[in-house]
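Below, each chain spelled out in residue letters.
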Amino acid sequence: MDRNDLRIGDAEREQTMAALREHFAQGRLTHEELDERLDQTLAARTARDLASITADLPGSGHHAPDLPGPGHHTRPPQPDLGDWRAAMHAHRRQMQEMRHAHRDLRHHRGHHPWRRHRGPHPIVPLLFVAMMLGLFFGGFGVFKVLLVVWVAAVVVSVVRRRFHSRR
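First, a word on scope: everything that follows refers to the structure included in this document. (Residues numbered from 1 in each chain as written. Predicted model: local features only at pLDDT ≥ 70, side-chain atom pairs only at ≥ 80, totals over all residues. Heavy atoms only, no water.)

## Quick word on the overall build of the protein
Counting secondary structure elements, the protein contains six helices and zero strands. Ordered by position in the sequence, the α and β elements of the protein form the string α-α-α-α-α-α. Sorting the 167 residues of the protein into buried and exposed places 21% on the buried side. (Helix = DSSP H or I, 4+ residues; strand = E, 2+ residues; numbered from the N terminus. Buried < 20%, exposed > 50% of the residue type's maximum accessible area, 1.4 Å probe, protein only.)

And the structure:
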């Protein structure tokens, strides 16, 4: 039986995941590629499976990692402080790019002149004018109905403005 067809354990999976995180920190993998390859690593059963996950990355070669003989246990390599800093720097840079892209998307998608309006909804002044006209020409009954509608429109406008200003 070929050594590459032997089943692997958690230590080999952890070693491959550490290598993938390092490649991500160095910018060779995108976040999506890293997630996909980590999932494949967790599902890998043989050394050949692990080798195929990292075959296109430098330093991994096109062969399966050397497996220890029976009775030997290897610990995955421990990342040093420089690896951690590089990974955190890459993560911060990616998050900052995502924030800028999200801001630009919101700016371009929501660029409507009427959305920048800070005052009450345009219907509120129109209702006020209709209310005054109703008082002068239609009597006190029309005024009361339009007054209730106007107050409701003002309340809805204020609530809506506060809701949108929190987003």
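## Comments concerning the nonpolar core
Considering soluble globular proteins, one finds that nonpolar side chains tend to be buried as a cluster. Counting twelve residues, the largest nonpolar core consists of Ile8, Met17, Leu20, Phe24, Leu29, Leu34, Leu38, Ala44, Ala47, Leu50, Ile53 and Leu57. Residue assignment for this core shows that the elements contributing at least two residues are α1 (10-25), α2 (31-43) and α3 (47-54). With residues near it in sequence (within four places) discarded, Met17 still touches Leu38, Thr41 and Leu42. (Core = buried A, V, L, I, M, F, W, Y, C linked by side-chain atoms within 4.5 Å. Contact = heavy atoms within 4.5 Å.)

## Some remarks on a negative patch on the surface
Residues Glu32, Glu33, Asp35, Glu36 and Asp39 make up a contiguous surface patch of negative charge. Tracing the chain through its elements places Glu32 in helix α2. By relative accessible area, Glu32 is classed as exposed at 56%. (Patch = residues over 30% accessible without salt bridge, like charges linked within 9 Å, V, L, I, M, F, W, Y side chains within 5 Å. Areas by Shrake-Rupley, 256 points an atom, 1.4 Å probe, with all protein chains shown as cover. Salt bridge = Lys/Arg side-chain N within 4 Å of Asp/Glu carboxyl O. Lys, Arg positive; Asp, Glu negative; His and termini not counted. Charge placed at Lys NZ, Arg CZ, Asp CG, Glu CD.)

## Brief notes about the pattern of salt bridges
Applying the stated criterion to the full structure yields four salt bridges. Linking Asp5 and Arg48 is a salt bridge whose minimum nitrogen-to-oxygen distance equals 3.1 Å. With Asp5 in the segment before α1 and Arg48 in helix α3, this residue pair connects regions lying 43 residues apart in the sequence. A relative accessible area of 35% means that Asp5 is categorised as partly exposed. Put simply, Glu14 and Arg21 hold a salt bridge, and the shortest N to O gap is 3.8 Å. A relative accessible area of 38% places Arg21 in the partly exposed class.

## Notes on α3
Of the residues making up α3, those classed as buried are Ala47, Leu50, Ala51, Ile53 and Thr54. What you see down the axis of α3 is that its buried residues fit within an arc of 155°, all on one side. Against α1 and α2 lie the buried residues of α3. (Arc of directions from axis to C-beta.)

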